[in-house]
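Tertiary structure, described
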Amino acid sequence: MDGLVLNEIRLTQERTTIGRRPSNNVVIDNLAVSSEHAVIVTILNDSFLEDLDSTNGTLINGQPVTKHFLQDNDVIELGKYKLKYLSEKGKYNAYADYEKDAMPRPDQVPGAAPVKGDGLAGAEPAPAAPVFENLPAIGPASIQILNGPNAGRELPLTKSLTTLGRPGSQVAVITLRPQAYFITHVEGPGYPRVNGKTLGEEPHRLNNHDVFELSGTKMEFFFK
């Protein structure tokens, strides 16, 4: 507020609500802020913000948003107040850059040789097989890219949350729950399509060999 840091809040729970009402996790006592203005949803080291139909709206980096995948140093504006999102992901998730890329480049896909400056695949050995952590009883799963330059490549779902898409364009997440994997729209005007059907706001359970489309790229979900 006016260049002064008033508070610092660690995102230690799944839902962090922001608003004027005292029951919110982050209380901003200002008439420009709605009673329940916005919520930050955090899954592992990833967070996204959703405006809760507030009266004056929510801006991120000066742009109005309804849902936004948060990146390091994003500035959230509610009235005269600004909240800066600071990510500590680099400390905890060495796999983050691999997960973050919407449509993984060949040098980010297990088993694919790195691409050299001349565009030819190098001869370096493939990386070690990924380690699957905290997987449900149904077992590990992967995504196979079906079109585009990376067609045929696989992205193992080795974490509880995998982010797909490009921030500012279209972002979705695949989350691992005790007995299933779910895909959820996070950001962008277009929603993912699963088996030709456009998804809504609610998480959609993925079944074996479901085909979904994100930013023009088709991918198949399957169990290993």
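All of the points below concern the structure found in this document. Predicted model only: the values in this text are computed from it and were never measured. (Residues numbered from 1 in each chain as written. Predicted model: local features only at pLDDT ≥ 70, side-chain atom pairs only at ≥ 80, totals over all residues. Heavy atoms only, no water.)

**Here's the deal with the overall build of the chain**
Applied cut-off: In this description a helix means any DSSP run of H or I spanning at least four residues, a strand means any run of E spanning at least two, and both kinds are numbered starting from the N terminus. For the exposure calls, accessible area comes from a 1.4 Å probe over protein chains only, and a residue counts as buried if that area is under 20% of its type's maximum, exposed if over 50%, partly exposed in between. We call two residues in contact when some of their heavy atoms are within 4.5 Å.
A count of helices and strands for the chain gives 2 helices and 19 strands. Of all 224 residues assigned to the chain, the portion counted as buried reaches 41%. Put simply, 39% of the contacts in the chain that link residues at least 6 apart link residues at least 24 apart.

**A short note on the layout of surface pockets**
The line we're drawing: Residues are said to line a cavity or pocket when one of their atoms sits within 4 Å of a point; the points come from a 1 Å grid over protein atoms alone, cavities being sets where a 1.4 Å probe fits but cannot get out and pockets being open sets with protein on both sides within 12 Å along at least five of seven lines. Grid points are joined across faces, edges and corners, and a volume is the space filled by probe spheres set on the points. Nonpolar residues are Ala, Val, Leu, Ile, Met, Phe, Trp, Tyr, Cys and Pro. Charged residues are Asp, Glu, Lys and Arg, and all others, Gly as well, are polar.
In this structure, the largest pocket encloses a volume near 1,200 Å³. Of all the elements in the fold, those that place two or more residues in the lining of the largest pocket are strand 2 (26-27), strand 3 (38-43), strand 8 (75-78), strand 9 (81-84) and helix 1 (89-92). A total of 4 residues in the lining of the largest pocket trace back to one element, the largest contributor, which is strand 9. Class assignment of the residues belonging to the lining of the largest pocket gives a composition of 18 nonpolar, 7 polar and 9 charged. Taken as a whole, the second largest pocket encloses approximately 360 Å³ of empty space. In this structure, the second largest pocket is lined by 15 residues; those nearest its centre are Glu 14, Val 41, Phe 48, Thr 184 and Pro 203. The set of elements that each furnish at least two residues to the lining of the second largest pocket consists of strand 3, strand 4 (46-51) and strand 13 (170-177). Among the residues forming the lining of the second largest pocket, the class breakdown is 5 nonpolar, 3 polar and 7 charged.

**Examining the environment of Val 75**
Along the chain, Val 75 turns up in strand 8. With 14 residues separating them along the chain, Val 75 and Asn 61 place their C-alpha atoms 5.2 Å apart. In this structure, Val 75 is in contact with Leu 59, Ile 60, Asn 61, Lys 82, Leu 83 and Lys 84, ignoring residues within four places of it in sequence.

**A closer look at the sheet that holds strand 12 (residues 161-166)**
Our working rule: Two strands form a pair only when DSSP identifies at least two bridges running between them. Only the stretch in contact is used when fitting a helix axis, every axis being a line fitted to C-alpha atoms; angles between N-to-C directions are given from 0 to 180 degrees.
If you trace the 4 strands from one edge of the open sheet to the other, you get 12-13-14-17, paired in antiparallel fashion. Looking along the sheet, the strands with just one partner apiece sit at the ends: strand 12 and strand 17 (204-206). Taking each pair of neighbouring strands and ignoring which way they run, the sheet shows an average axis angle of 25°. With 7 bridges connecting them, strand 13 and strand 14 (residues 180-187) associate as antiparallel partners. Across the sheet, residue Ala 172 finds its bridge partner in strand 14, namely His 185.

**Some thoughts on the sheet that holds strand 10 (residues 141-145)**
Spatial ordering of the open sheet is given by 11-10-19-18-15-16, a layout of 6 strands whose pairing is antiparallel. The sheet is open, and its two borders are formed by strand 11 (154-156) and strand 16 (197-198), each paired with just one other strand. Relative to strand 19 (residues 217-223), strand 18 (residues 211-214) is paired through 4 bridges, and the arrangement is antiparallel. Each residue of the ladder has a partner; that of Leu 214, found in strand 19, is Thr 217.

**Some thoughts on the nonpolar core**
Going by this rule: To define a nonpolar core, start from buried Ala, Val, Leu, Ile, Met, Phe, Trp, Tyr and Cys residues and group those joined through side-chain atoms within 4.5 Å.
Ranked by size, the top nonpolar core spans 18 residues in total, and within it Ile 143, Leu 164, Ile 174, Ile 183 and Phe 212 carry the most contacts. Secondary structure elements with two or more residues in this core: strand 10, strand 13, strand 14, strand 18 and strand 19. Ranked by size, the runner-up nonpolar core spans 15 residues in total, among them Ile 18, Leu 49, Leu 78 and Leu 83.

**Things to note about the pairing of strand 12**
Extensive coverage of strand 12 is indicated by the burial of 5 of its 6 residues. Pairing between strand 12 and strand 13: 6 bridges, direction antiparallel. Bridge assignment links Leu 164 to a residue of strand 13, and that residue is Ala 172.

**Concerning the environment of Gly 200**
You can see Gly 200 is positioned in the loop between strand 16 and strand 17. Since its relative accessible area comes to 40%, Gly 200 is described here as partly exposed. Apart from residues lying up to four places away in sequence, Gly 200 is in contact with His 185 and Tyr 191.

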